[in-house]
Amino acid sequence: MSAHDAAHDHPSIRFYLGIGTVLTVATFIEVLPLFKVMGLSFGMDLPAWLLIGLSAMKFVLVVLFFMHLQFDDKNYRRLFFGGLLLAMAMTGALMTLFGWFWRPADGSGARTVAEIMADIPRTEQETALIIMDLYGKKPSAAPAHGHGTGDDGDHGAGDGGEPPPEPDAAPAIDVASMAGDQAAIDAGAGVFAANCVACHAADASGGIGPNLKDSTWIHGGKVTEIHHVITHGVAGTAMINWAPIVGDEGAAQVAAYVHSLGGGQ
Amino acid sequence: MATHEAAAADASYHAHPPPSLNVPQLKLAFWTFLASECMFFGSLIASYMSYQGKDVLYSQPPYPVETFDVVVTSISTFDLLMSSVTMVLALAACQAGNVQRMRFWLGMTALLGIIFVSFQGYEFTHFYLSGLTLQGNLFGSTFYVLTGLHGTHVTIGVFWLLTLTVLSFIPEHAHKVNPLTVEVAGLYWHFVDIVWILIFTLVYLLEYVP
């Protein structure tokens, strides 16, 4: 009677070693894919369900026999598996919320970030990198987009040889006078197509950024107000200060172009 | 009279509370703690899984497979698994009243734990030098926080086991090292092991499924 109780309460050392052997064999099977990575002949790929199954089996073996839940008071079992079930439910819920199980409706497999990026047209990809810089670090050295079109007569002051002014200094370009200047508008359309369409769409009807064709102006519809948004950005949005990228002249030309789209006039 | 009896019963209750649910309170409390630990690690594993492959804004290397040194991790996984075996052997020796053998297996378990933490230290150093940092990308932050907090648990367990071993040598404290306290330390140790069983599969092995 007491011998039976003792055996019941405390499994023998042989029993423990037996469980340890099962755990070892299960682990050896689990790492078979790694042996393949190492180039060993007995290595092989294993499906995810088998790996998860082996892992769950090891988990249950340790809990039931090493932690004695199989032999111990049932209240411990309720307590632990209750918490475990809650944790599993929460894990599943969070993974669902974050779209871990998401697959495209056409049945193709989930794509990697690199594949998604490869599908994005180049200008938008560049824009995405700029947005990343916004959230991460300082914008990296901005590519200088030299737009040589319509240089003549666009400089209000006409000081062609001067270095570009400080970003915060008053613009040397008379933006207000460029409203309606067809040469500036045409040049601005080119700058817009190269830099702005990713968020504002090719026809400026909006997307990530607002519609620029309608009569609604969030930050004012005057050409100087549009220019201010382009050269200062809008805090908290993907709209950054574009002057370092398109240049002071390009920013003024885009302002003229956006102003000419008609919405604000 | 009745009031007197009730008062006596009350005093007795506070001096010797009846065991909750007719089981030792220490063990019951500890299983409750382990249930909450399930939520603790569950949330960290959920975060790791949820952010897996979702690194759009910080889509930059290093990525898991090119970072992992799975041979090293497999060895440390096996090391931790075997420490669970030595832990049950320590408990069995304690229950059998064999203090010498209990000390040996407790020491072995702590040693295997130290080896595991050392492997993790090597792994973290290796990963850091290959460019994986805590705040560099989502893989780095979710990986280091999950495995780092697990390693912290192992470290705490090592101190716990060493403390039990040392106490068993001190005559006035030796009674604190009894089947109940060794079993509770073992429960903690096994729990840390089963968490690693899950992490090893979910974080490492599943990366190699074609």
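Residues numbered from 1 in each chain as written. Chains lettered and ligands numbered in written order. Predicted model: local features only at pLDDT ≥ 70, side-chain atom pairs only at ≥ 80, totals over all residues. Heavy atoms only, no water.

Caption draft 1: A look at the overall build of chain A. The secondary structure content of chain A amounts to 12 helices and zero strands. For chain A, the N- to C-terminal ordering of α and β elements is α-α-α-α-α-α-α-α-α-α-α-α. The proportion of buried residues among the 265 residues of chain A is 34%. Within chain A, contacts between residues at least 6 apart in sequence are counted, and of these 59% link residues at least 24 apart. For chain A, the accessible surface area stands at approximately 15,000 Å², while carbon and sulfur atoms represent 63% of it. (Helix = DSSP H or I, 4+ residues; strand = E, 2+ residues; numbered from the N terminus. Buried < 20%, exposed > 50% of the residue type's maximum accessible area, 1.4 Å probe, protein only. Contact = heavy atoms within 4.5 Å. Areas by Shrake-Rupley, 256 points an atom, 1.4 Å probe, with all protein chains shown as cover.)

Caption draft 2: The overall build of chain B, seen in detail. Counting secondary structure elements, chain B contains seven helices and zero strands. Its helices and strands in sequence order give chain B the pattern α-α-α-α-α-α-α, from N to C terminus. Within chain B, buried positions represent 48% of all 210 residues. Partitioning the contacts of chain B with sequence separation of at least 6, the portion at a separation of at least 24 is 79%. Surface accessibility of chain B: about 9,400 Å² in total, with carbon and sulfur atoms responsible for 70%.

Caption draft 3: Region of interest: a nonpolar patch on the surface. A surface patch of nonpolar side chains, about 660 Å² in accessible area, is lined by A:Val25, A:Phe28, A:Ile29, A:Met38, A:Leu40, A:Phe42, B:Val71 and B:Ile75. Within the residue set of the nonpolar patch, elements represented by two or more residues are helix 2 (13–30) of chain A together with helix 4 (70–95) of chain B. Of all the elements, helix 2 of chain A adds the most residues to the nonpolar patch, at three residues. Within the fold, A:Ile29 resides in helix 2. (Patch = residues over 30% accessible without salt bridge, like charges linked within 9 Å, V, L, I, M, F, W, Y side chains within 5 Å. Salt bridge = Lys/Arg side-chain N within 4 Å of Asp/Glu carboxyl O.)

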